[in-house]
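Residue strings, one per chain:
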Amino acid sequence: MGRALNLRQDTFLYCLTILHNFDNGMPIRSIGISLSNTSIQEEEQMSLFEDIDQRERAYALAKTIDEIRLRYGKNSVLRASSYLEHSTARYRNGLIGGHKA
């Protein structure tokens, strides 16, 4: 990745890049992603090519969303697509180890 990432959208864009690099046009049944060597953010190397204010706002928003989820539960803040009929996010958030809680 070249540098540490702590925002979901950065990780998502990196995963999309990997997908497009290895996509051969065949149907994809599932994709698994795992992260390792994670750590608590203490300092971040800023880039000269990014808007620092926008990055700080994005980090503050992510932190606020995390605090809301900790206080009110995983289903308190979801993407709009999670409310579509075929979405499984709300159902899966109620599972513990893949089983009904």
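Reading guide: rules and limits
Residues numbered from 1 in each chain as written. Predicted model: local features only at pLDDT ≥ 70, side-chain atom pairs only at ≥ 80, totals over all residues. Heavy atoms only, no water. Helix = DSSP H or I, 4+ residues; strand = E, 2+ residues; numbered from the N terminus. Contact = heavy atoms within 4.5 Å. Buried < 20%, exposed > 50% of the residue type's maximum accessible area, 1.4 Å probe, protein only. Polar contact = N/O pair within 3.5 Å; in protein donor to acceptor, adjacent residues only side chain to side chain. Salt bridge = Lys/Arg side-chain N within 4 Å of Asp/Glu carboxyl O. Expected span 1.5 Å × (residues − 1).

**Remarks on the side chain of serine 82**
Step number 1: With respect to the secondary-structure elements, serine 82 resides in the loop between helix H2 (52–72) and helix H3 (89–93).
Step number 2: Each residue touching serine 82, except ones within four places of it in the same chain, is listed here: Ser87, Ala89 and Arg90.

**A short note on the environment of arginine 69**
Step number 1: Residue placement: arginine 69 occurs in helix H2.
Step number 2: Residues contacting arginine 69, with those up to four places away along its chain left out, are Arg8, Lys74, Ser76, Val77 and Leu78.

**Focus: the environment of asparagine 24**
Step number 1: With respect to the helices and strands, asparagine 24 occurs in the loop between helix H1 (8–22) and H2.
Step number 2: The exposure class assigned to asparagine 24 is exposed, which follows from its relative accessible area of 62%.
Step number 3: Looking at asparagine 24, its side chain comes within polar contact range of the main-chain nitrogen of methionine 26, at 3.1 Å.

**Thoughts on the pattern of salt bridges**
Step number 1: Summed over the entire model, instances satisfying the criterion amount to 1 salt bridge.
Step number 2: Among the salt bridges present, the one from aspartate 10 reaches arginine 55, with a minimum N-O distance of 2.7 Å. Within this pair, whereas aspartate 10 is found in helix H1, its partner arginine 55 is found in helix H2, the two being separated by 45 residues in sequence. Across the pair, exposure class does not vary: aspartate 10 and arginine 55 are buried alike.

**Quick notes on H2**
Step number 1: Taking 1.5 Å per residue as the helical rise, H2 with its 21 residues ought to reach 30 Å, and the 30 Å between its terminal C-alpha atoms agrees with that figure.
Step number 2: The N-capping residue of H2, defined by a side-chain oxygen 3.3 Å from the backbone nitrogen of aspartate 53, is aspartate 51.
Step number 3: Just past H2, the residue glycine 73 takes up positive phi, approximately 105 degrees.

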